[in-house]
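Overview (structure and organization)
Here is what each chain is made of, one letter per residue.
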Amino acid sequence: MQKTLHSVQCLRGIAAMLVVIYHSQKLLETYQSRIGIPPSIVNATPNLSIVGASGVDLFFVISGFIMAYITCAQRGPHAILPFLKRRLVRIVPLYWFFTLIMAGLLLFFPNLFSSARFDGRGTLLSLLFIPYSSAVSPNSPVLAVGWTLSYEMYFYVLVACGFVLKYHVFSLVLGLFLAGSIALGYLFPSNDPVFNLMTSPILCEFYLGYLCGSVFMTKKVILPKSLAFFCLASGVAGYMLWTMESVRLPLGLFAFLIVTGCIFLEKYFTSKSMYYLARIGDSSYSLYLSNYLLIPALGKICTAAGFWNHFPPAAFIALSLPACVAAGYLAYVFVERPLLTCGVWKTRKKAS
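Presented here is a report on the structure given in the accompanying data block. Quantities reported herein were computed from a predicted structural model and do not represent experimental measurements.

This part takes up the pattern of salt bridges. Inspection of every chain in the model, using the stated rule, returns 3 salt bridges. Taking the shortest distance from any N to any O, the salt bridge between arginine 90 and glutamate 336 comes out at 2.9 Å. With a gap of 246 residues between them, arginine 90 in helix 4 (residues 80-108) and glutamate 336 in helix 15 (residues 314-341) connect regions that are remote in the sequence. The same class applies to arginine 90 and to glutamate 336, which are both buried. Here arginine 279 and aspartate 282 are joined by a salt bridge, their closest N and O atoms 2.6 Å apart. One end of the pair is arginine 279 and the other is aspartate 282, both in helix 12 (residues 275-282) and 3 residues apart, which spans about a single turn. The class for arginine 279 is partly exposed, based on a relative accessible area of 22%.

Quick look at the structure:
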């Protein structure tokens, strides 16, 4: 099994923190209408807030890369079930943990929520990673951030099916399949959440990451340092131009450029200055899931303490980011790692 790249860990940390910033900003939007706090600089700049949401795009590209990175030697039908088992062990325990906490809060403390209500069917479908629509929570799992995991699981199934093909043949077949699926979605619009997942253009982000991984694992292909740096700089510049409404290219493309640049500049990500960012990357899954519960709690605490009367709204983002990072790391140490090593899910630690 390949060792996880240092640059990938750093990018995971950045992606998770972008999502935290986005969720903090969305809470500020809610409080603007609910209790009348003034808009923050992030809320007043819509495209700036979307950059936070693009942490998900970065995660998807990274996930595609990792799937290519760890499966280059896993070919043949016999490898399908072991691969899927490892993916389930990596994703399911922590997601179920936080989903059941959220479901319990909805069931026993409904007054904590303004509109969401407990939905038994929705909870079951959420635990199974099946998208659904309901009057209680349209197109959203119980733990809202879990929508991304439905895409992850679908992509894992596609990758597993590809084990019956040669590595580089599958790269081509996967691209053709996804192109056909996306075209089908455009030709036959539907309200079915499962169909929309399987035909979503966002799947291209996984594929871009997979292509990057395929090239990286081909030892004869080495991106020159200057070109790798150009990719990284272009991706960052694209994000900046997007916030200024100067470009309208998909953010997933810029995420792909950033991932590609960082991957081929891997040796420059080993300095001590990147150590803590990589540690945040280690706990990025815990951070990603836990912040959705923690940020609303922080908002209620700030309201009760009169925070909005003494500090500008943007200060909430500055407060929530380190709080969520710390909580995410604690969840990683005391919840995620123990869940992965308990008797039911026991498995050796692997790159993921």
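Applying the stated rule across the entire model yields 24 aromatic pairs. Between the aromatic rings of phenylalanine 155 and phenylalanine 206, the centroid separation amounts to 4.9 Å while the plane-to-plane angle is 25 degrees, which identifies the pairing as stacked. Of this pair, phenylalanine 155 sits in helix 6 (residues 147-161) while phenylalanine 206 is found in helix 9 (residues 203-217), placing the two residues 51 residues apart along the sequence. For the pair shown, phenylalanine 155 and phenylalanine 206 are each scored as buried. When the centroid spacing of 5.4 Å and the interplanar angle of 75 degrees are considered together, the rings of phenylalanine 216 and phenylalanine 264 count as edge-to-face. Taken together, the positions of phenylalanine 216 in helix 9 and phenylalanine 264 in helix 11 (residues 251-264) put the pair 48 residues apart, joining distant regions of the chain. Each of the two residues, phenylalanine 216 as well as phenylalanine 264, counts as buried. Taken together, the aromatic side chains of Phe60, Trp147, Tyr151, Phe155, Tyr167, Phe170, Phe206 and Tyr210 make up a single cluster linked through ring pairs.

Cut-offs applied
Residues numbered from 1 in each chain as written. Predicted model: local features only at pLDDT ≥ 70, side-chain atom pairs only at ≥ 80, totals over all residues. Heavy atoms only, no water. Salt bridge = Lys/Arg side-chain N within 4 Å of Asp/Glu carboxyl O. Helix = DSSP H or I, 4+ residues; strand = E, 2+ residues; numbered from the N terminus. Buried < 20%, exposed > 50% of the residue type's maximum accessible area, 1.4 Å probe, protein only. Phe/Tyr/Trp six-rings, centres within 6.5 Å; stacked < 30°, edge-to-face > 60°.

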